[in-house]
Amino acid sequence: MKKAWMLPVQATDAGHISPPSDHPLLYSGIKPSRLLAAMIPCLAGIGFAYQSIATALDRRNFPPPGEMIDVEGCRLHMQLMGSGRPTVVLETGLGGMSAAWGWIQPEVAHFTRVFDYDRAGLGWSESSDRPITAFLVVRRLHRLLDAAGIDGPYVLVGHSIGGLFMRVFAHLYPDEVAGMVLIDAAHPDQYSRSPAITRHMDSGFRMLENIPLLARLGYVRMTRFFNSWAEGLPDRQAAEAEAFLASHRHLKTTRDESLAWETVCSETRCTRGLGDKPLTVISAGKDVLPGALEMQRELAALSTNSLHFVVKGADHVTLVTHREYALTVVEAVCQLVKR
């Protein structure tokens, strides 16, 4: 068996094996461990420079497609399409951004006015140093709508954790809400009620702990770590999403949102139901964890005027990012607006 890849060795008096004394690493007086320790800062510096240059290029190549509006000293990015009432308000999932609605927003704009935006620290929106809570996110969204001159009634559309935010919005501003669509929305008790979901979330949240550092060093960008979250979107929105899914600022906020999970869920548990306002619950039919479908049915019970259906073949992400499934969401929004 060939062993050309191994360092040549020689036996010492004590019977131990060591590299020969004329090996170049030892001849130069540098031990391999010290060489590795010296290389790590160098590689980190290269990665940091690579990330900084790429981020600057992203800012030039992907300017905000919508408007930037100041809300409480934080400039938030928003887009408005279409005309008519009610206004559909789109809220993305954990770490999401406005580009995620690349299929859905233009289609909804064919039959009514539709609004999307980036939460503080995500996408094109500026960061905020205030701790993330559902009440803060929702009040900021309401003030953004007001500052942009977009009045109700609203049909609220929330994906994943965005469903929790939309429930809090309906609780705080019930007279401005005409209906709601929940897209595979989070249930505030899902972490404690399903061991499979607990394991899945623990794994994801642990991964996010170190992601901001890895993003700053260029590792996330180089490995295209999160690009699957953008696959299937229209070309422009996919490129925008991929850029931000390698951004330190965007991923730091994503990590911070995961750390605020229990706070957001606690606030959502305090909300009331929707009464008889129209509600549509759309659930993924692929890669569904045990207990998830039961909790999706419970979300449908938030209104006495609700519909619930499962989209076969769609998973939690592709419900929004893949055209064939996104058009199912569009049809559900259209039907609810008519209701």
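So, how was this worked out
Residues numbered from 1 in each chain as written. Predicted model: local features only at pLDDT ≥ 70, side-chain atom pairs only at ≥ 80, totals over all residues. Heavy atoms only, no water. Helix = DSSP H or I, 4+ residues; strand = E, 2+ residues; numbered from the N terminus. Buried < 20%, exposed > 50% of the residue type's maximum accessible area, 1.4 Å probe, protein only. Contact = heavy atoms within 4.5 Å. Areas by Shrake-Rupley, 256 points an atom, 1.4 Å probe, with all protein chains shown as cover. Axes fitted to C-alpha atoms, helices over the stretch in contact; angles between N-to-C directions. Parallel < 35°, antiparallel > 145°, perpendicular 65-115°, else oblique. Left-handed = near helix turned anticlockwise from the far one by under 90°. Nonpolar A, V, L, I, M, F, W, Y, C, P; charged D, E, K, R; others polar. Salt bridge = Lys/Arg side-chain N within 4 Å of Asp/Glu carboxyl O.

K.L.:
Explain the overall build of the chain to me, please; I cannot follow it from the model alone.
P.N.:
Counting secondary structure elements, the chain contains 15 helices and 10 strands. The buried share of the chain, reckoned over its 339 residues, is 47%. A fraction of 75% describes how many contacts in the chain between residues 6 or more apart in sequence connect residues 24 or more apart. For the chain, the accessible surface area stands at approximately 16,700 Å², while carbon and sulfur atoms represent 57% of it.

K.L.:
In this structure, what is going on with the packing of helix H7 (residues 195-209) against helix H11 (residues 248-259)? I would like to understand it.
P.N.:
Two packed helices can be described by the angle between their axes and the distance between those axes. Viewed as axis vectors pointing N to C, H7 and H11 meet at an angle of 140°, and their least axial separation amounts to 9 Å. Classified by the interaxial angle, the pair formed by H7 and H11 is oblique. In the packing of H7 onto H11, the handedness of the crossing is left-handed. Counted together, Phe205, Leu208 and Glu209 of H7 and Thr254, Arg255 and Ser258 of H11 form the full contact between these two elements. Across the contact of H7 with H11, the residue classes tally to 2 nonpolar, 2 polar and 2 charged.

K.L.:
Looking at this model, I keep getting lost on the pattern of salt bridges. Mind explaining?
P.N.:
If the charged atoms of two oppositely charged side chains come close together, the side chains can form a pair. In total, this model carries 14 salt bridges according to the counting rule given. Linking arginine 193 and glutamate 298 is a salt bridge whose minimum nitrogen-to-oxygen distance equals 2.8 Å. Remark: glutamate 298 occurs in helix H13 (residues 292-300) and arginine 193 occurs in helix H6 (residues 190-193); sequence separation between them is 105 residues. Given a relative accessible area of 37%, arginine 193 falls into the partly exposed group. One salt bridge connects arginine 236 with glutamate 240, and the closest N-O pair in it is separated by 2.7 Å. Here arginine 236 pairs with glutamate 240, and both are found in helix H10 (residues 235-244), just 4 residues apart, close to one helical turn. Glutamate 240 sits in the buried class, given a relative accessible area of 4%.

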